[in-house]
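Summary of structural features
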Amino acid sequence: SQQGEEDPQALSIQEGENATMNCSYKTSINNLQWYRQNSGRGLVHLILIRSNEREKHSGRLRVTLDTSKKSSSLLITASRAADTASYFCATTKGGGNKLTFGTGTQLKVEL
Amino acid sequence: DAGVIQSPRHEVTEMGQEVTLRCKPISGHNSLFWYRQTMMRGLELLIYFNNNVPIDDSGMPEDRFSAKMPNASFSTLKIQPSEPRDSAVYFCASGGTGGSGTTSQTYNEQFFGPGTRLTVL
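So, here is what we can say about the structure in this document. Here the structure is a predicted model, which is why all the values come from computation and not from measurement. (Residues numbered from 1 in each chain as written. Chains lettered and ligands numbered in written order. Predicted model: local features only at pLDDT ≥ 70, side-chain atom pairs only at ≥ 80, totals over all residues. Heavy atoms only, no water.)

**Here's the deal with the interface of chain A and chain B**
Contact with chain A, which involves 17 residues of that partner, is made by 20 residues of chain B. With both chains or domains summed, chain A and chain B bury close to 1,400 Å², and 48% of this area falls on carbon and sulfur atoms. On the chain A side of the interface with chain B, the three residues burying the most area are Leu-43, Asn-97 and Lys-98 of chain A, jointly 38% of the side's total. Linking chain A with chain B are one salt bridge. Across the pair Lys-98 of chain A and Asp-56 of chain B runs a salt bridge, and its minimum N-O distance is 2.7 Å. On inspection of chain A and its partner chain B, the count reaches three residue pairs in polar contact (both at pLDDT 80 or more). (Contact = heavy atoms within 4.5 Å. Buried area = accessible area lost by both parts, 1.4 Å probe. Salt bridge = Lys/Arg side-chain N within 4 Å of Asp/Glu carboxyl O. Polar contact = N/O pair within 3.5 Å; in protein donor to acceptor, adjacent residues only side chain to side chain.)

Structure (structure tokens):
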């Protein structure tokens, strides 16, 4: 079963609005990462947050991590049509670099 | 850097045929990962290598699947014989420690190739 479960499965918003996606996981982690996948393409790394961090920013992205609740959220501010994609969280645990991916959120940003 | 290179990009074959997917990781990366993505099962890790050695192949579905990494710049994923349920997009990704000259950097993120879309009829 997937380590990470994203919520919602699908999200449709208007350009300029903020988009929030959530990820829950089951076991303790080393770090949590978010990836984007455009239709028909490979995944692209967006941001990484370590288990001892609570919040991280990168451009229009904001990631939070709550290890007590085993959850993370990805906020995309001022969304654009080009942000339309699927977004996946992925976790690593222990000292390895094996990633376990969640089920993904399909984001559609409409003009 | 050209990124992770996969070939072929598309493969259509008939049930029972052998399929070989190829991957060239980013130079200097010492970890290589093979994933399979389907609508039903999402993104699944099949196998990964560190320094050309298979570390975890627990995701390989059956003996029909095999993967090799003969050197740091090349890996193959072979399916034989192929079945219609193997139809999926197969991704290769690389990561680990990379760098040039006297500098090195540990990458926690993975860099994905464009994928191979496999259709088994």
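**A look at the environment of Val-19 of chain B**
Residues and elements named next belong to chain B. Mapping Val-19 onto the fold places it in strand S3 (residues 19–24). On the basis of relative accessible area, Val-19 is assigned to the buried category, the value being 1%. Ignoring any residue separated from it by four or fewer positions in sequence, one finds Val-19 in contact with Glu-11, Thr-13, Leu-77, Lys-78, Ile-79, Ser-82 and Leu-118. (Helix = DSSP H or I, 4+ residues; strand = E, 2+ residues; numbered from the N terminus. Buried < 20%, exposed > 50% of the residue type's maximum accessible area, 1.4 Å probe, protein only.)

**A closer look at the state of the cysteines**
Inspection of every chain in the model, using the stated rule, returns two disulfides over all chains. One disulfide in the model links Cys-23 of chain A with Cys-89 of chain A; its S-S distance is 2.0 Å. Taking the sign of the S-S torsion, about 65 degrees here, the bridge from Cys-23 of chain A to Cys-89 of chain A comes out right-handed. One end of the pair, Cys-23 of chain A, is in strand S3 (residues 19–25); the other, Cys-89 of chain A, is in strand S9 (residues 85–92), with 66 residues separating them in the sequence. Grouping residues by exposure puts Cys-23 of chain A and Cys-89 of chain A together as buried. The partner cysteine of Cys-23 of chain B in its disulfide is Cys-92 of chain B, sulfur to sulfur 1.9 Å. Where Cys-23 of chain B bonds to Cys-92 of chain B through sulfur, the torsion about that S-S bond is close to -65 degrees, and the disulfide is left-handed. Here the residue Cys-23 of chain B occupies a position in strand S3, and Cys-92 of chain B occupies one in strand S9 (residues 88–98), the gap between them amounting to 69 residues. Cys-92 of chain B shares its class with Cys-23 of chain B; the two are buried. (Disulfide = S-S within 2.5 Å.)

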